[in-house]
Amino acid sequence: MRLRLRRLALACLVASPLAGHAQDVSLHGYVDGRLVAAPGERGWVEGGLGKTRYGGGKVEARFGGAALVGTAQLTPSLLAFAGVQLQDGDRTGVDVLEAYLRWRPVSTTRWRGSVQAGAFFPPVSLENDAVGWTSPWTITPSALNSWVGEELRAIGAEARIERRGENATWELRGALFQRNDPAGNLLAVRGWSLSDLTYGIGSRLREPDAYVRDDGEQPPMRYDPFRRIGHQWGNYAQLTWRARGRGRLSLMHYDNHADPQAWQPNEGGERLYAWRTRFWSLGASTDTGSITWLAQAMDGDTVIEPVPNRVFTTRYRAAYLLAGWNRGAWRPALRLDHFSTRELPGTPGLHAGEHGNAITAALNWRPHDWLRLTFEVLQIDSTRTARADYGLRPHTRATQAQLSARLFY
Amino acid sequence: MRRRLWLAWLLAGCAGPLWAGQLVVRISDSDGHAVGDAVVTVTPASPSAQPVPAPVTRYVDQRDETFIPYVQVVRPGDRVVFRNSDGTRHHVYSFSEAKAFEFLLRPGESSPPTTLDKPGLVAVGCNIHDHMIAYLLITSEQARVTPSQGQVVFDQLPPGSYTVTVWHPQLRPGQAQPSAVAAVGEGTEAQHADFTLSLIPDPRGFSDREHLDY
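Note on numbering: residues in each chain are counted from 1, in written sequence order. By the order in which they are written, chains take letters starting at A while ligands take numbers starting at 1. Per-residue local features of the predicted model are confined to residues with pLDDT of at least 70, and side-chain atom pairs are confined, for both listing and counting, to 80 or more; whole-chain, interface and lining totals are unaffected and use all residues.

### Some details on the overall build of chain A
Under the DSSP-based scheme used, a helix requires at least four consecutive residues in state H or I and a strand at least two consecutive residues in state E, with every element numbered from the N terminus. From N to C terminus, chain A includes 5 helices and 20 strands. Radius of gyration means the value over C-alpha atoms here, while the globule rule gives 2.2 Å times the residue count to the 0.38 power. Over its C-alpha atoms chain A spans a radius of gyration of 21 Å, differing by no more than 12% from the 22 Å that the globule rule assigns to 409 residues. In terms of its C-alpha atoms, chain A occupies a principal-axis envelope of roughly 60 × 45 × 45 Å. Counting only residues that meet the buried cut, chain A has 42% of its 409 residues in that class. Any residue surrounded by 20 or more other C-beta atoms within 10 Å of its C-beta is treated as buried, while 12 or fewer makes it exposed and the intermediate range makes it partly exposed; C-beta atoms here are placed from the backbone.

### Some thoughts on the sheet that holds strand S11 (residues 133–138) of chain B
Sheet strands pair by backbone hydrogen bonding; their relative direction is either parallel or antiparallel. All names here are of chain B. Think of it this way: DSSP has to see at least two bridges between two strands before they count as a pair. Reading across from one edge, S5-S11-S10-S7-S8 is the order of the 5 strands in this open sheet, with mixed pairing throughout. Single-partner strands in this sheet number two, and they are strand S5 (71–74) and strand S8 (100–105). For this sheet, the mean angle separating the axes of adjacent strands, direction not counted, is 20°. In this sheet, strand S10 (residues 120–126) lies alongside strand S7 (residues 90–95) in antiparallel orientation, the contact comprising 2 bridges. Convention adopted: a line fitted to C-alpha atoms gives each axis, helices being fitted over their contacting stretch, and angles between N-to-C directions are expressed from 0 to 180 degrees.

### Remarks on the nonpolar core
By definition, a nonpolar core groups buried Ala, Val, Leu, Ile, Met, Phe, Trp, Tyr and Cys residues that connect through C-beta atoms lying within 7 Å of each other. Ranked by size, the top nonpolar core spans 45 residues in total, and within it Ala143, Leu144, Trp147, Leu187, Trp192, Trp275 and Ala318 of chain A carry the most contacts. Remark: residues whose backbone-derived C-beta atoms lie within 7 Å of one another are considered to be in contact. When neighbours within four sequence positions are excluded, alanine 318 of chain A is seen to be in contact with Ala143, Leu144, Trp192, Met298, His338 and Phe339 of chain A. Of all hydrophobic cores here, the second largest spans 34 residues; its members include Ile27, Phe67, Val80 and Phe82 of chain B.

### Focus: the interface of chain B and chain A
Many authors give the size of an interface as the accessible area that is lost as the parts come together. Counting residues at the interface gives 26 residues for chain B, matched by 31 residues for chain A. Any residue outside Ala, Val, Leu, Ile, Met, Phe, Trp, Tyr, Cys, Pro, Asp, Glu, Lys and Arg is labelled polar, Gly included; the first ten of those are nonpolar and the last four are charged. Split into classes, the residues belonging to the side of chain B that touches chain A amount to 13 nonpolar, 7 polar and 6 charged.

### A short note on unusual backbone geometry
Of note, the bond from proline 219 of chain A into proline 220 of chain A is cis; its omega dihedral lies within 30 degrees of zero at 0°. Here proline 220 of chain A shows up in the loop between helix H4 (209–214) and strand S9 (222–223). At the junction of isoleucine 68 of chain B and proline 69 of chain B, the peptide bond is cis and its omega measures out at 0° in the coordinates. Here the phi dihedral of glutamine 156 of chain B falls at roughly 60°; this positive angle occurs in a residue that is not glycine. Within the element layout of this structure, glutamine 156 of chain B appears in strand S13 (residues 151–157).

Following this line, the structure appears as structure tokens:
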């Protein structure tokens, strides 16, 4: 950990003269320390089946993460953007959240187009619009966006066209990408979770130890979710409507087009399969007075075919509704989550999968531009049939409380 | 000569309040707070021939990635100059029907004067910093921008009926502009017109250390 902090401090030192001298370079970041009261069950980050980031039942101080985001306006139309982060837990150190070049020439008509190339998040989340892909409303994002932060990244190119109307703006985005072939594995082998541990390029996700043992392997087993397995191009398309004073509505379809029979050697010589992952995502946001409402829903499936004609499908769904109260320095937020998975083909009379709900209450206080204090309580109620295979009760209820101090640069 | 001066004083100064009126317009939001940056336009029911003022040059500065002023009233024929007082480049542009333009401004640079000859609303943005927005309302009518106290005063109005119209960047797009008819009579008593606006959030994007605007 000390080495990682030293690396991040070194990156700050190298970059700060740039921010001072180059006129079109900006550098922002955050560092987060927190006091955590964790639920008893071992968290999934450490190989357990817990649904939260932290587990083990202790109350202790933890390093919550740090990120550094730099931009450089290379020409009036060309922007370079890069974000790196440092996280604790079962991690490899500093990793890259996003890094891309965006070309957006000025337009003096109602139409404006842009193209970006590199590594970037598919534009699913309505929550994570703050520095380092964090949420300004809560510490922990919804189940839906927790998964986006864990397994989804587009490494490719995206084109965007907007029509800026009198009363509303329409925007169409489309992207072609590769290296997101294992995406979906986590929902199948672990199920949903709520965690703010976003994974960057270069990091590894850990499969639940119980699942790995059940598969006849030796834990810990980790994999790179941003790995190319095969040569297929994935794509996504999104249509967004935005109207000032009314809100925003967007519909998106994602398909990584992975070949469910393809695999690559993984740690210990095991096979890392490609998962054909598709979903529809619908998002809406609006303001009523000083309350901001966010709502998102996702419906998709992920398919693997380890043996020809032996197809395993995991259907997944998640949705949330968040209400955030803008009261100046104080910003309370409340969110309700619902999530489910279903394993197919199923056994007659048995519904294999997961269903659960979560409630998150957060109170944010920003007494200064550089400081945010957040107290958050998250309670998750989940029933997952696969737990019975590992000798555990399918139903779990976990409560995680956190008090976070986040310093911004 | 002295008699002529006396007559001129009577017509311009002394006699003025006897036949010209005053209109005080107050703008507040639904919580009762004074609203600044509202444009109040006063249109007489019976237009009279008024001398057209000579065109002037207006300035829109850029400081701390903010256009200053945010809202400005411009008469047709006036010129506007965009001045970059920031240490970063700005790519000032507009795609408005009243006037479309683009200027790439390096630190310390000013754009050439641009003539705004067509009445209408010009929304100005920066293609590099999306949170920067300014508005130029081009009108040949009498119009004023409310300061933060939310009140403007129109002096020396000839007696008659006037339509008072209010525009604000935070009115819901597509919504009819609030308006009222005010009768300005002879005498020194000021007429009042009060408007309560239902405002939507500020269109200028929010950017701070936590929220980046890219």
